[in-house]
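Structural overview for review
One-letter residues, chain by chain:
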Amino acid sequence: MDWSTLLSLAPSILASALRTATPIALAAYSGILAERAGVVNIAIEGMMLMAAMVGDLAMLYSGNIWVGVVAGVLAAGLLALVHGALSISFKTDQIISGTAINIFAMGLTGFFYKRFLATPTLSRPSPSTLQAIDIPLLKDIPILGDVFFKNRPIVYTMLLLTFVIYYVLFHTPWGLRVRAVGEHPKAADTMGINVFKVRYISIFLSGLVAGLAGVWFALEQVGHFDMLMTNGKGFIGLAAMIFGKWNPLGALAAAVLFGLPEAVQINLAMSLPNIPYQFMSMIPYILTIIVLTGVVGRAIPPAADGKPYEKG
């Protein structure tokens with residue numbers, strides 16, 4: 001392959017990287033929303049799976065893809081509240097709670113898949129995936145138009161959430177409360193902030209964002225639910241969160257970095273037939289291990305992250 005061919009494929013590779021980074025970035029934002037308030041949420045993978053399954057079921061039985069999107073997102077939000085109740089009210093170990101929810105989600109989605117989705121009795125609505133939306137005028141900008149302005153709804157939503165979450169966390173009174181609860185809950189309580197309320201709202205929002213990531217798989221990428229289709233992207237999202245130092249802007253950059261190998265594999269599969277696709281597919285997981293072992297810098301989480309709050 002010559003450089004001219006590679007350059008001609010650059011816009012397509014970058015556009016694919018943004019799409020493949022979408023569930024990773026959303027999973028990272030989900031983690032940020034929870035951990036900035038002091039709740040470790042490793043149940044993101046399970047929430048994504050639940051959202052994908054419920055979204056597909058709701059679309060199949062309602063005949064409306066947007067009903068599927070809403071149902072999937074809400075299902076993940078409700079599952080997040082279960083994690084919140086266990087972690088915040090009952091003060092269970094948050095790692096154990098998140099692991100239990102992941103196992104529960106894998107089992108339940110597997111059962112519903114075999115019972116209702118493997119051989120559906122209803123025909124799927126058309127279209128069964130969210131359709132791309134080209135932004136007039138902006139789509140014609142060289143390179144940038146192909147990358148940013150010819151995407152599907154959840155990709156646009158992910159980009160919007162990047163800046164919304166950043167602004168809310170770092171430039172609003174609510175964000176200051178969330179960060180205070182995540183750093184010094186006792187001091188926040190003394191100042192009149194309801195620590196439990198802030199944490200419950202944060203974990204619920206975390207679940208909604210994780211649900212959006214799960215819906216991306218079933219209703220934007222594939223068009224149906226498959227068992228374990230999230231393929232560990234929730235955990236890679238947590239690595240992107242750490243890589244980005246609990247900042248949405250940094251997390252997006254990390255998500256694109258993690259999504260780039262898959263995008264390269266997709267676009268260069270015909271040009272590089274001698275390189276096994278499994279090699280490119282394993283790179284995000286290798287990067288995840290590197291990040292989690294602390295090789296790439298030292299990321300310091302919120303001081304109260306993972307610590308149940310005892311009032312009084």
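These numbers come from a predicted model, not from an experiment. (Residues numbered from 1 in each chain as written. Predicted model: local features only at pLDDT ≥ 70, side-chain atom pairs only at ≥ 80, totals over all residues. Heavy atoms only, no water.)

**Digging into the packing of helix H2 (residues 44-62) against helix H3 (residues 65-89)**
Applicable threshold: Lines are fitted to the C-alpha atoms to define the axes, a helix being fitted only along its stretch in contact, and any angle between axes, read from their N-to-C directions, falls within 0 to 180 degrees. The secondary structure listing takes helices from DSSP runs of H or I that are at least 4 residues long and strands from runs of E that are at least 2 residues long, numbered from the N terminus. In a left-handed crossing the near helix is turned counterclockwise from the far helix by less than a right angle, and in a right-handed crossing that turn is clockwise. Throughout, a contact is declared for two residues whenever any of their heavy atoms are within 4.5 Å. Side-chain classes follow a simple rule in which Ala, Val, Leu, Ile, Met, Phe, Trp, Tyr, Cys and Pro form the nonpolar group, Asp, Glu, Lys and Arg form the charged group, and the remainder, Gly included, forms the polar group.
For the pair H2 and H3, interaxial distance at closest approach is 7 Å and the crossing angle is 145°. For the crossing formed where H2 meets H3, the hand is right-handed. Contact residues: Gly46, Met47, Met50, Ala51, Val54, Gly55, Ala58, Met59 and Ser62 in H2; Ile65, Val67, Gly68, Ala71, Gly72, Ala75, Ala76, Leu79, Ala80 and His83 in H3. Residues belonging to the contact of H2 with H3 are distributed by class as follows: 13 nonpolar, six polar and no charged.

**Brief notes about the environment of isoleucine 95**
Test applied: The rule is simple: take the accessible area with a 1.4 Å probe, protein chains only, and divide by the maximum for that residue type; under 20% is buried, over 50% is exposed, in between is partly exposed.
Relative to the elements of secondary structure, isoleucine 95 occurs in helix H4 (residues 94-117). Owing to a relative accessible area of 42%, isoleucine 95 belongs among the partly exposed residues under this scheme. Once the C-alpha coordinates of isoleucine 95 and arginine 152 are considered, the two residues, 57 residues apart in sequence, prove to be 34 Å apart. The contact partners of isoleucine 95, leaving out residues within four places of it in the chain, are Val40 and Ile42.

**Here we look at the side chain of asparagine 151**
One can find asparagine 151 in strand E2 (residues 150-151). Apart from the residues within four sequence positions on either side, asparagine 151 is in contact with Leu18, Arg19, Ala132, Ile133 and Tyr156.

**What to know about a nonpolar patch on the surface**
The criterion, for reference: Residues qualify for a patch when their relative accessible area is over 30% and they have no salt bridge, like charges being joined within 9 Å and the nonpolar side chains of Val, Leu, Ile, Met, Phe, Trp and Tyr within 5 Å. To measure how exposed things are, a 1.4 Å probe is used in the Shrake-Rupley method; for residues, cover is taken only from the protein chains shown. Whenever Lys or Arg places a side-chain nitrogen within 4 Å of a carboxyl oxygen from Asp or Glu, that contact is recorded as a salt bridge.
Taken together, the side chains of Ile103, Met106, Met227 and Leu228 present a nonpolar region at the surface, about 370 Å² in accessible area. Tracing the chain through its elements places methionine 227 in the loop between helix H9 (195-222) and helix H10 (233-243). For methionine 227, a relative accessible area of 39% gives the class partly exposed.

**Notes on the packing of aromatic side chains**
Spelled out, the test is: To pair, rings of Phe, Tyr and Trp, with the six-membered ring standing in for Trp, must have centres within 6.5 Å; the planes then decide the type, stacked if under 30 degrees apart, edge-to-face if over 60, and tilted in the middle. Definition used: whenever NZ (Lys) or CZ (Arg) falls within 6 Å of the ring centre and also within 35 degrees of the ring normal, the charge is taken to sit over that ring.
Using the criterion set out here, one finds eight aromatic pairs in the structure. With a centroid separation of 6.3 Å and an interplanar angle of 55°, the aromatic rings of phenylalanine 148 and phenylalanine 149 are classed as tilted. Clustering of aromatic rings is evident, with ring pairs tying together Phe111, Phe112 and Phe116. Across the ring face of phenylalanine 116, the terminal group of arginine 115 is positioned such that the distance to the ring centre comes to 4.9 Å.

**Remarks on the environment of serine 30**
Mapping serine 30 onto the fold places it in helix H1 (residues 3-35). In this structure the C-alpha to C-alpha distance between serine 30 and phenylalanine 204, which are 174 residues apart in sequence, comes to 9.5 Å. With residues near it in sequence (within four places) discarded, serine 30 still touches Asn41, Ile44, Ser206, Gly207, Val209 and Ala210.

**Quick word on helix H7 (residues 173-183)**
Note the threshold: By construction, the arc corresponds to the directions joining the helix axis to the C-beta atoms.
Buried within H7 are the following residues: Gly175, Val178, Val181 and Gly182. The buried side chains of H7 occupy one side of the element, clustering within an arc of 125° when seen end-on. Away from its buried face by more than 90 degrees, H7 exposes Pro173 and Leu176.

No statement about biological role is implied by the geometric values presented.
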